[in-house]
Each structure stands twice: as C-alpha cells, then as structure tokens.
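Listed below, chain by chain, are the residues.
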Amino acid sequence: MSNNPIGIFDSGVGGTSIWKEIHGLLPYEDTIYLSDSINAPYGPKGTEKIKELSIKNTELLLKKGCKIIVVACNTATTNAIAYLRNTYDVPFIGIEPAIKPAALNTKTNAIGILATKGTLSSALFSETSDRFASHIKVIEREGKGIVELIENGRLYSDTMRALLLEYLQPMLNANIDHLVLGCTHYPYLIPILLELLPNHVKIIDSGEAVARQTKAVLEKNNLLNLSAEAINLKFYTNGSIDVMYSLLGKGFDVKHLNF
Ligand code: DGL
C-alpha cells in the first residue's frame, strides 16, 4: 500500500497549488491529481451538491488505488470532509482558511478573508472563526468570479485586477494587516495581490501546512513510499488541458478524462 499514489482533488485547477507543495515536500511519492473543472465553481452549489461531487472524485481516486486523499479545495473540505472521513477507510487531509495564524499575529486587530461562498457559509468556517478570531475584526469577502476567470485561462486579465480591487477595498479601509487566502485557486493571484496590496499586509495561505500534514499522516500510518522506484505523476482534467499546463508548466502527464 505504501507504494500507492497520493490522490488529490479540487473543483478545478486551483488545487495544483497544493499539489506543488506536496510534491515539493514528498518528491518520492506518486500522485494522481483530479481537476473537476467541468463542475467549477463548487462555491455557490450548496452543501449537498458539493458532497455529491466530492464523493464522485473520492471514489475515482480510490478506484485508482490511492492510499490517502487530499481534498485540495477549501469548499469541499468545509462542506464534505466529515462525511468522507466517516464513509471511507483511507485517511483524508483537508484545507481550511488559515484564520488562526492571522488572528494570532495581527497588530491592527483586523484581518481579511477571501474565500468562496461555500466556504464562508459553512459551519466549519464559522466554528473556526468564532474560536480564533472573535476578538478581532474579520472582513470576509466572497471572491465571486475569480475561480471562473482562472479556469478560463484569464488569470492575468484586467477583469481580474478590477475584481480584486473591489474585494480588497473594504479590507484596506478596515486597515487589515493579514489577508487569508481561503481557496486553493487564490495562491495563483499572489503576484497580482503583491502589486495591489500595501507592503505591510501579509498574505497567508495554507498550502505548506497541508503538505506537512500529509507527510505527518503518511508517517503515522506507515504509508510513506520508501522504495527507490521512479515516480509517477498523473493529472486528469475534465476541462482544459491548456489551462492545466499554464499553471503547472509543460512536461507533465496531463490527460483529459470524463468523470
Ligand atoms: N479551489 C476551490 C477552493 O479551494 C475553489 C472552489 C470553487 O470551485 O468554488 O475552495
């Protein structure tokens, strides 16, 4: 089992930002990435539909022999991971907006959170927010339209800049000093955000923490791949292969698959 791949899924191409962190930390592990781009965005779909899509992705990864599943999507994690953990035997790793470090380190007592509607309205998000950030000002904004632009290959567009300016303005008015990226598509916005935000605003995302947690859970379950065989990195998308390449770089094994 330890030679089996790590399965990773997202509502689209965004979770490749998490795949990069995982592959960087665990370069000897096989991975299979599923980009459910045809159903992106998950954010506005409601919990039942998000669960259904998460089940579909999980079952495909399990059929391909994955030993652990990384839900590389904040929206799927906050709406479906409890169900997945209760239903399947493999370990699951999820990702949630990193409110805690932002709330602990803020000096202005104001932090911004950019995430999808599905994440911001989830019970898990409000629990975490109440637990760690009830003493500070939290300015939440739904990143409406951002996932769609990235999925359509329009990351560096005027429309994207205009949307970001609109979403950041109330946060800047409230004098935030931390911006939490609550969606795995958003790390790809960092070069643009660095241009739009004042220098003192720290951008926080959870990718590295997810990779560390994946390693720790593999270790704990004796699932780390200790063999010296060549690794296999597979990417499946039911959307555009070109958009996957634009984020990953060429040279990867990206295939189209209907799922
Ligand atoms: N990457 C997903 C996330 O982390 C995007 C959600 C969506 O498809 O709306 O939430």
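For the structure, see preceding data.
Just so it is clear, the structure is predicted and the values come from calculations on it, not from any experiment. (Residues numbered from 1 in each chain as written. Predicted model: local features only at pLDDT ≥ 70, side-chain atom pairs only at ≥ 80, totals over all residues. Heavy atoms only, no water.)

A few words on the nonpolar core. Most often, soluble globular proteins keep nonpolar side chains buried together rather than apart. Residues Val70, Ile146, Met160, Leu164, Leu179 and Leu189 are the most contacted members of the largest nonpolar core, which totals 53 residues. Counting residues per element, this core draws most heavily on helix H8 (residues 158-173), which supplies 6 residues. Once residues lying within four places of it in the same chain are set aside, the contact partners of Val70 are Ile6, Gly7, Ile8, Phe9, Ile18, Ile22, Ile93, Val210 and Thr214. Judged by nonpolar contacts, the second largest core, of 20 residues, contains Leu53, Val71, Ala76 and Phe92. (Core = buried A, V, L, I, M, F, W, Y, C linked by side-chain atoms within 4.5 Å. Buried < 20%, exposed > 50% of the residue type's maximum accessible area, 1.4 Å probe, protein only. Helix = DSSP H or I, 4+ residues; strand = E, 2+ residues; numbered from the N terminus. Contact = heavy atoms within 4.5 Å.)

This part takes up the state of the cysteines. One pass over the structure, following the stated rule, counts 0 disulfides. Lacking any disulfide linkage, Cys66 is separated from the closest cysteine sulfur, that of Cys73, by 17 Å. We classify Cys66 as buried; its relative accessible area is 2%. Of the cysteine sulfurs around Cys73, a residue in no disulfide, the closest is that of Cys183, at 6.7 Å. (Disulfide = S-S within 2.5 Å.)

Pairing in this open sheet of 6 strands is parallel, and the strands run E4-E3-E1-E2-E9-E10 from one edge to the other. The sheet is open, and its two borders are formed by strand E4 (92-93) and strand E10 (253-256), each paired with just one other strand. In this sheet, E4 lies alongside strand E3 (residues 68-71) in parallel orientation, the contact comprising 2 bridges. Bridge pairing links Ile69 to Phe92 in E4. (Pairing = 2+ DSSP bridges.)

The next thing to look at is the site of the ligand. In the region of the ligand, 13 residues are neighbours, and Ser11, Tyr42, Gly43, Thr75 and Thr184 sit closest. At a separation of 2.6 Å, an oxygen atom of the ligand approaches a polar side-chain atom of Ser11. Within the backbone of Asn74, a nitrogen or oxygen atom sits 2.8 Å from an oxygen atom of the ligand. Within the complex, the protein chains bury 99% of what would otherwise be the 300 Å² of accessible surface of the ligand. In terms of residue class, the shell around the ligand is made up of 5 nonpolar, 7 polar and 1 charged. (Near = heavy atom within 4 Å. Polar contact = N/O pair within 3.5 Å; in protein donor to acceptor, adjacent residues only side chain to side chain. Areas by Shrake-Rupley, 256 points an atom, 1.4 Å probe, with all protein chains shown as cover. Nonpolar A, V, L, I, M, F, W, Y, C, P; charged D, E, K, R; others polar.)

Considering all chains together, one arrives at 5 aromatic pairs under this definition. Judged by centre distance (6.0 Å) and plane angle (45°), the rings of Tyr33 and Phe235 are tilted. In this pair, Tyr33 sits in strand E2 (residues 31-35) while Phe235 sits in strand E9 (residues 233-237), placing the two residues 202 residues apart along the sequence. Looking at Tyr33, the relative accessible area reads 0%, which means it is buried. A relative accessible area of 0% places Phe235 in the buried class. Pairing Phe235 with Phe252 gives two aromatic rings, centres 5.6 Å apart and planes at 75°, and the pair type is edge-to-face. Within this pair, whereas Phe235 is found in strand E9, its partner Phe252 is found in the loop between helix H11 (241-248) and E10, the two being separated by 17 residues in sequence. Given a relative accessible area of 24%, Phe252 falls into the partly exposed group. Aromatic rings pair up to connect Trp19, Tyr33, Phe235 and Phe252 into one cluster. Between Lys64 and the ring centre of Tyr236, over which it is positioned, the NZ or CZ distance is 4.7 Å. (Phe/Tyr/Trp six-rings, centres within 6.5 Å; stacked < 30°, edge-to-face > 60°. Lys NZ or Arg CZ within 6 Å of the ring centre and 35° of its normal.)

Take H11 next. Among the residues of H11, Val243, Met244, Tyr245, Leu247 and Leu248 are the ones counted as buried. Directly beyond the C-terminal end of H11, a positive phi value near 95° is found at Gly249.

With that out of the way, let us pick up the sheet that holds strand E8 (residues 202-204). The strands that make up a sheet pair up through hydrogen bonds in the backbone, lying either parallel or antiparallel. Across the sheet, which stays open at both edges, the 4 strands sit in the order E6-E5-E7-E8 with parallel pairing between neighbours. Unpaired on one side and paired on the other, strand E6 (137-142) and E8 mark the two borders of the sheet. Adjacent strand axes in the sheet meet at a mean angle of 20°, parallel and antiparallel pairs treated alike. The sheet contact formed by strand E5 (residues 110-115) and E6 spans 6 bridges and is parallel. Pairing of Ile111 across the sheet is with Val138, part of E6. Relative to the sheet, H8 contacts E5, E6 and strand E7 (178-182), its axis offset from that of E6 by approximately 165°. (Axes fitted to C-alpha atoms, helices over the stretch in contact; angles between N-to-C directions.)

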